[in-house]
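Chain by chain, the residues:
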Amino acid sequence: MYVVMYISAVAVVTLTVCGNLMVIISISHFKQLHTPTNLLLLSLTVADFLVGVMVMPFSLIELIETCWYFGETFCKLYNIFVFVLTSVSISNLVFVAIDRYFAVCDPLLYSTKITIKITCLFILLSWLVSLLYNIALIYFNGNMSKSAKLSACLGDCLLSISEHWGTADLLITFVSPCSIMLTLYLKIFIVARKHAQAIKCAADQIHSTTGVQRTIPKKSERKAAKTLGIVVGFFLLCWVPYYICTLVEANMNLSSSSVLMNFLSWLVYFNSFVNPVIYSLLYPWFQKSMKLIVTFEICSPASSLMNLFPENH
């Protein structure tokens, strides 16, 4: 069982790092992918890649060994990485939802409202605000001083967060982003259904006059519902258990075991493994770019100008 756990841990970390690295190389190399939406995807992927490199290996070791072996100093740095990268990842998910909202609900003005410069500005703000906020969160709760007891007992790597800060952090890092995402995706789904119904009416008129069968709108409705369900569902699946346990522990004065909290924290990090699957593997261009990367065709001259989209894109 011990060997299986470590093999599984190595596999998850490797897939997380490699999957996100493939996306980073694809978007950075191919000029056709330099769009506002893909820049947000790139920022999200960089955060998830760093989670896979700097957070997941140590989290999984602590989960398996039930002990922190890396010292108090690295524990502080580790917690800063955890808070900053998870915050950046969530904020980028929100920006992706905003981007998709304007693209679907206001397509005529999308290119003027969402430009590459505006997108880069929001990405920069996302990283800076996440860094400053989480450093303040850790510092003002007394976790940065030399006398701070970050560990409840020897071998633990924990943070001390006051009740007021914990409530504020819950609202800022989970409730607000989750509410925004759910609201935007719900509006996107409603608009997408209206578009599908309009297409259905037009196709039915064509069918009544020409006898051509209509199949596209039904596929579009299923695809939209499936994509939105995957996006929101995996986000909630990875984050809700952790915050439920945190709330129950705080309100009922219970003490959750270190193993349970480590497992739920790891489930949050697992979202970094799921994100490239949801946002990248479902895109046809990623499959083609991955093939070009694996076969080293990106090393050929002018490979950055290759067309990654099908002709009917």
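Whatever comes next refers back to the structure up there.
Here we look at the pattern of salt bridges
The final tally for this structure, using the stated rule, is 2 salt bridges. Two residues, Arg-100 and Asp-99, come together in a salt bridge whose shortest N-O distance is 2.8 Å. Given the relative accessible area of 29%, Arg-100 is considered partly exposed. The residue Lys-113 makes a salt bridge to Asp-106 at a minimum N-O spacing of 2.9 Å.

What about the packing of helix H2 (residues 36–65) against helix H3 (residues 71–105)?
The interhelical angle for the contact between H2 and H3, taken along N-to-C directions, is 155°, at an axis separation of 9 Å. One element, H2, and the other, H3, form an angle in the roughly antiparallel class. The two elements H2 and H3 meet at a crossing, and its hand is left-handed. Here the residues of the contact of H2 with H3 are counted per class, giving 18 nonpolar, 5 polar and 3 charged.

Concerning the side chain of Ser-303
Take Ser-303: it is sitting in the segment after helix H9 (284–294). At a separation of 2.6 Å, a polar atom in the side chain of Ser-303 contacts the main-chain carbonyl oxygen of Ile-298. A distance of 3.1 Å separates a polar atom in the side chain of Ser-303 from the backbone oxygen of Ser-300. The residues touching Ser-303, leaving out its near neighbours within four places in the chain, are His-29, Phe-30, Glu-297 and Ile-298.

Observations concerning empty space enclosed by the protein
Going through the model one piece at a time under the given rule, you end up with 4 cavities of 30 Å³ or more. By volume, the second largest cavity amounts to about 40 Å³. Every residue lining the second largest cavity is listed: Asp-48, Val-51, Leu-85, Thr-86, Ser-89, Trp-239, Val-268, Asn-271 and Ser-272. Contributing elements (two or more residues each) for the lining of the second largest cavity: H2, H3 and helix H8 (258–281). Broken down by class, the residue content of the lining of the second largest cavity amounts to 4 nonpolar, 4 polar and 1 charged.

Calculation rules
- Residues numbered from 1 in each chain as written.
- Predicted model: local features only at pLDDT ≥ 70, side-chain atom pairs only at ≥ 80, totals over all residues.
- Heavy atoms only, no water.
- Salt bridge = Lys/Arg side-chain N within 4 Å of Asp/Glu carboxyl O.
- Buried < 20%, exposed > 50% of the residue type's maximum accessible area, 1.4 Å probe, protein only.
- Axes fitted to C-alpha atoms, helices over the stretch in contact; angles between N-to-C directions.
- Helix = DSSP H or I, 4+ residues; strand = E, 2+ residues; numbered from the N terminus.
- Parallel < 35°, antiparallel > 145°, perpendicular 65-115°, else oblique.
- Left-handed = near helix turned anticlockwise from the far one by under 90°.
- Nonpolar A, V, L, I, M, F, W, Y, C, P; charged D, E, K, R; others polar.
- Polar contact = N/O pair within 3.5 Å; in protein donor to acceptor, adjacent residues only side chain to side chain.
- Contact = heavy atoms within 4.5 Å.
- 1 Å grid on protein atoms, 1.4 Å probe; cavity = no way out; pocket = protein on both sides within 12 Å on 5 of 7 lines; lining within 4 Å.
- Points joined across faces, edges and corners; volume = space filled by probe spheres on them.

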